[in-house]
Amino acid sequence: MGRLNPNFDCIPSDFYVTPPRALPPLLPFLEPQRRYVEPAAGNGALIDLLAQHGHCCVAAFDIDPHRNDIAARNALDLGEADLGDATIFLTNLPWSWPVFPQLVKHLIALRPLWTLAPARFAHAARSATLVDRCSHIVCVPRLQWIPGTRDQSTQDTVWLRFDASHRGGPHFYPRETRSADPWATEA
């Protein structure tokens, strides 16, 4: 995530807490009371946000967990036995290359995956194989990733939904606008 703002150093281990503002665009795409696994849980911020909306985390893992109810595991080592009755992964994976695509490939072999990601991911040539497995791109407002800063990120963020059985690339869901007509002008 080093490109979030070139004025700041990267945070070790890509430990960027998921901002609450990231969640509302995702919620309409989740079935009620979704049971999921969080494979890169960090400090559990996303788990807590999803719980406020009735979703249930059945297992949480992180390579460097920041609270006691998150197991210390590398997501690349997860298998069927770790997933319980979860039907999907919901997470904010580390964005560093090549970690991000390795995690996506591994996780979608087990369950569909929703993850936050930089919007530029879908435009990169090296992402082409994974973009074919991406069914949804959901736009998110600019987020404040660096605690205590005044400004939002200098790049756009999206929710990506990956599914190993999906082919043909994503549907794009832009941010909601004030007018149903994108060409309408305000008076």
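Here we summarise the structure given alongside this text. All values reported here derive from a predicted model rather than from experimental measurement. The numbers attached to residues start from 1 for each chain and follow its sequence in the written order. Confidence filtering applies because this is a predicted model: local features only for residues at pLDDT of at least 70, side-chain atom pairs given and counted only at 80 or more, and all residues used for totals across whole chains, interfaces and linings. With hydrogens and water excluded, all non-hydrogen atoms of the structure serve as input to the side-chain values.

**Points about the overall build of the protein chain**
Helix and strand labels come from DSSP, where a helix needs a run of H or I of at least four residues and a strand needs a run of E of at least two; each type is numbered from the N terminus. Counting secondary structure elements, the protein chain contains three helices and eight strands. Ordered by position from the N terminus, the helices and strands of the protein chain form the series β-α-β-β-β-α-β-α-β-β-β. When contacts within the protein chain are restricted to residue pairs at least 6 apart in sequence, those whose partners lie at least 24 apart make up 65%. The Shrake-Rupley method, run with a 1.4 Å probe sphere, supplies the accessible areas, and residue values consider only the shown protein chains as cover. Summed over its atoms, the accessible surface of the protein chain is roughly 10000 Å², and 52% of this surface lies on carbon and sulfur atoms. Note on contacts: a residue pair qualifies if any of its non-hydrogen atoms lie within 4.5 Å across the two residues.

**Considerations on the packing of aromatic side chains**
In this scheme Phe, Tyr and Trp rings, the latter by its six-membered ring, pair at centre separations within 6.5 Å, and the angle between planes marks the pair as stacked below 30 degrees, edge-to-face above 60, and tilted otherwise. Counted according to the given criterion, the structure contains five aromatic pairs. A centroid spacing of 5.9 Å and a plane angle of 50 degrees characterise the contact between Phe29 and Trp114, whose relative ring orientation is tilted. Of the two residues, Phe29 sits in the segment before strand S1 (35-38) while Trp114 sits in strand S5 (residues 113-118), which places them 85 residues apart along the sequence. Under the scheme applied here, a residue whose accessible area is under 20% of the maximum for its type counts as buried, over 50% as exposed, and between as partly exposed, the area being computed with a 1.4 Å probe on protein chains only. The partly exposed category is assigned to Phe29, whose relative accessible area is 28%. For Trp114, a relative accessible area of 2% translates into the label buried. Seen in terms of ring centroids, Phe29 and Tyr173 are 4.8 Å apart; in terms of plane orientation they differ by 65 degrees. Their pairing is edge-to-face. One end of the pair, Phe29, is in the segment before S1; the other, Tyr173, is in strand S8 (residues 171-173), with 144 residues separating them in the sequence. Clustering of aromatic rings is evident, with ring pairs tying together Trp97, Phe100, Phe121 and Phe162.

Any functional reading would require information that these geometric values do not contain.
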